[in-house]
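One letter stands for each residue in the lines below.
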Amino acid sequence: MIDAIATANVTKPDFDVPPTVVEHLDTAEREALRAEIKQLLVRENAVLVAHYYTDPELQKLADETGGYVSDSLDMARFGHDHTARTLVVAGVRFMGETAKILNPGKRVLMPDLKAECSLDLGCPIEQFTTFCDEHPDRTVVVYANTSAAVKARADWMVTSGSAVDVVKHLMATGRKILWAPDKFLGSYIRDNTGADMLLWNSACIVHEEFKGRELAALRAQYPDAMVLVHPESPPSVIALADVVSSTTGLIKAVQTLSCNTFIVATDKGIFYKMRQVAPGKTLIEAPTAGDSATCRSCAHCPWMAMNGLRSLAASLRTGANEVVVAREIGLRAVVPIKRLLDFSAARGQVILGNNDA
Ligand code: 13P
Ligand code: SF4
């Protein structure tokens with residue numbers, strides 16, 4: 001199957017993809033940093049909120065200190081409900097920004113502000129504004145993985161777990177959609193709703209590397225395994241999936257399905273939480289490199305990997321890497337985010353929360 005997607009004619013912006021560098025610490029340094037961070041969290045009246053793709057050390061620390069490990073939107077919601085004055089977001093920049101937009105009165109710190117996302121980088125606000133201006137008849141729906149400025153230009157923000165429902169809702173009122181930035185998630189939504197969607201041309205550099213042909217060969221080796229796929233993956237990979245879902249949904253699938261072996265097509269950081277919730281099960285990485293390919297990320301996001309114990313401790317020690325969102329941008333960006341929260345609340349759903357399958 002060919003993974004060509006019909007997108008709008010958008011010039012793809014150039015950006016550098018850093019190598020994935022995982023922090024290695026000896027036991028003594030790791031234990032010293034863990035102890036220091038625990039003290040600093042108390043001193044700074046701070047709570048650690050980590051994404052599933054971050055280093056297990058950070059996820060473990062979040063769990064041990066009364067913090068939280070989840071997907072991007074749920075991380076922000078947890079921070080909003082928590083009484084801490086400082087939120088430390090271990091993830092990528094759009095997650096820190098979303099936390100700040102929803103919690104403007106709190107200080108939001110990140111271990112490393114250079115932790116980007118290829119989808120965010122692939123959708124600069126100037127080009128995106130032109131694109132929207134060229135299609136005034138379309139409702140602008142953007143993925144959570146975008147800058148605050150792009151959200152401020154949107155009518156709706158969605159997450160991978162909510163996108164199909166929101167687009168169906170918009171279709172029911174006769175809307176045509178302008179979608180950005182992930183072309184694979186966009187085409188997945190389009191295929192599942194039949195909506196009239198114009199797609200921006202960008203992709204996640206981690207998920208776009210999963211390979212359909214090699215995945216089919218792997219599945220043939222494990223005929224009893226179920227294939228779990230994040231919808232940022234190419235159509236040839238999605239076509240082989242038993243479950244297509246958000247990060248939270250994939251974890252829930254491992255936990256609740258009776259199957260014992262899973263082939264997982266998403267960032268391998270998620271395996272830490274999957275092993276926690278389903279200790280006896282066998283998890284296999286979906287292939288990222290085939291005959292004709294060399295993987296850039298090898299299923300681990302280089303920007304997520306920038307979050308480490310050293311950078312986390314440094315940020316808490318000095319207050320460095322505070323996330324700032326201009327007030328006027330934040331006031332506009334909160335509208336599409338709140339629209340999604342209200343939409344899910346009205347349906348009695350917890351979107352992408354830990355209880356969301
Ligand atoms: P979630 O918000 O669904 O966890 O996804 C974020 C992400 O970056 C997926 O690649
Ligand atoms: Fe962005 Fe992909 Fe990294 Fe998620 S895994 S933060 S979508 S580059």
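What you are looking at is a predicted structure, and each value in this text was computed from that prediction instead of being measured.

## Here we look at the overall build of the protein chain
On a plain count of helices and strands, the protein chain comes out with 15 helices and 12 strands. Relative to the compact-globule value of 21 Å for 357 residues, the protein chain shows a C-alpha radius of gyration of 20 Å, a close match. Each of the three principal axes of the protein chain carries a C-alpha extent, and together these read 55 × 55 × 40 Å. Considering the protein chain as a whole, with its 357 residues, one finds that 58% of them fall into the buried category. By sequence separation, contacts in the protein chain at least 24 residues apart represent 69% of the contacts at least 6 residues apart.

## Let's talk about the sheet that holds strand 11 (residues 261-265)
Reading across the sheet, the 4 strands line up as 10-9-11-12 and stay open at both edges, with parallel pairing between neighbours. Two strands in the sheet have a free side with no partner beyond their single neighbour: strand 10 (243-244) and strand 12 (282-285). For strand 11 and strand 12, the ladder comprises 4 bridges, and the chain directions are parallel. Opposite threonine 261, over in strand 12, you have threonine 282 as the bridge partner. With respect to the sheet, helix 12 (residues 247-256) is in contact with strand 9 (226-229), strand 10, strand 11 and strand 12, its orientation differing from that of strand 9 by roughly 160°.

## Things to note about the nonpolar core
Of all hydrophobic cores here, the largest spans 121 residues; its most connected members are Phe128, Trp179, Leu228, Met274 and Leu316. Excluding anything up to four places from it in sequence, phenylalanine 128 contacts Cys123, Val140, Val142, Val150, Arg153, Leu178, Ala180 and Trp200.

## Concerning helix 15 (residues 327-346)
Its 20 residues give helix 15 an end-to-end C-alpha distance of 28 Å, which sits within 8% of 28 Å, the value for a rise of 1.5 Å per residue. If you check which residues of helix 15 are buried, you get Gly330, Ala333, Val334, Pro336, Ile337, Leu340, Leu341, Phe343 and Ser344. Against helix 3 (72-81), helix 4 (93-102), helix 7 (148-152), strand 6 (156-158) and helix 8 (163-172) lie the buried residues of helix 15. Glycine 348 sits one or two positions beyond helix 15 and adopts a positive phi of about 70°.

## Looking at the site of ligand 1
As a matter of local geometry, ligand 1 sits amid His51, Tyr53, Asp71, Ser72, Asn145, Ser160, His207, His230, Glu232 and Thr247. In the environment of ligand 1, an oxygen atom lies 3.4 Å from a nitrogen or oxygen atom belonging to the side chain of tyrosine 53. Burial of ligand 1 by the protein chains amounts to 95% of its free accessible area of 300 Å². Class assignment for the residues of the shell around ligand 1 results in 1 nonpolar, 7 polar and 2 charged.

## A few points about unusual backbone geometry
Trans is the prevailing form of peptide bonds, just as negative phi is the prevailing case for residues other than glycine. Here alanine 180 and proline 181 are connected by a cis peptide whose omega angle stands at -5°. Phi at asparagine 45 is positive, roughly 50°, even though this residue is not glycine. What makes asparagine 45 partly exposed here is its relative accessible area of 36%.

Conventions adopted
- Residues numbered from 1 in each chain as written.
- Chains lettered and ligands numbered in written order.
- Predicted model: local features only at pLDDT ≥ 70, side-chain atom pairs only at ≥ 80, totals over all residues.
- Heavy atoms only, no water.
- Helix = DSSP H or I, 4+ residues; strand = E, 2+ residues; numbered from the N terminus.
- Rg over C-alpha atoms; globule rule 2.2 N^0.38 Å.
- Buried < 20%, exposed > 50% of the residue type's maximum accessible area, 1.4 Å probe, protein only.
- Contact = heavy atoms within 4.5 Å.
- Pairing = 2+ DSSP bridges.
- Axes fitted to C-alpha atoms, helices over the stretch in contact; angles between N-to-C directions.
- Core = buried A, V, L, I, M, F, W, Y, C linked by side-chain atoms within 4.5 Å.
- Expected span 1.5 Å × (residues − 1).
- Near = heavy atom within 4 Å.
- Polar contact = N/O pair within 3.5 Å; in protein donor to acceptor, adjacent residues only side chain to side chain.
- Areas by Shrake-Rupley, 256 points an atom, 1.4 Å probe, with all protein chains shown as cover.
- Nonpolar A, V, L, I, M, F, W, Y, C, P; charged D, E, K, R; others polar.

Shape is all these values report; function is a separate question.
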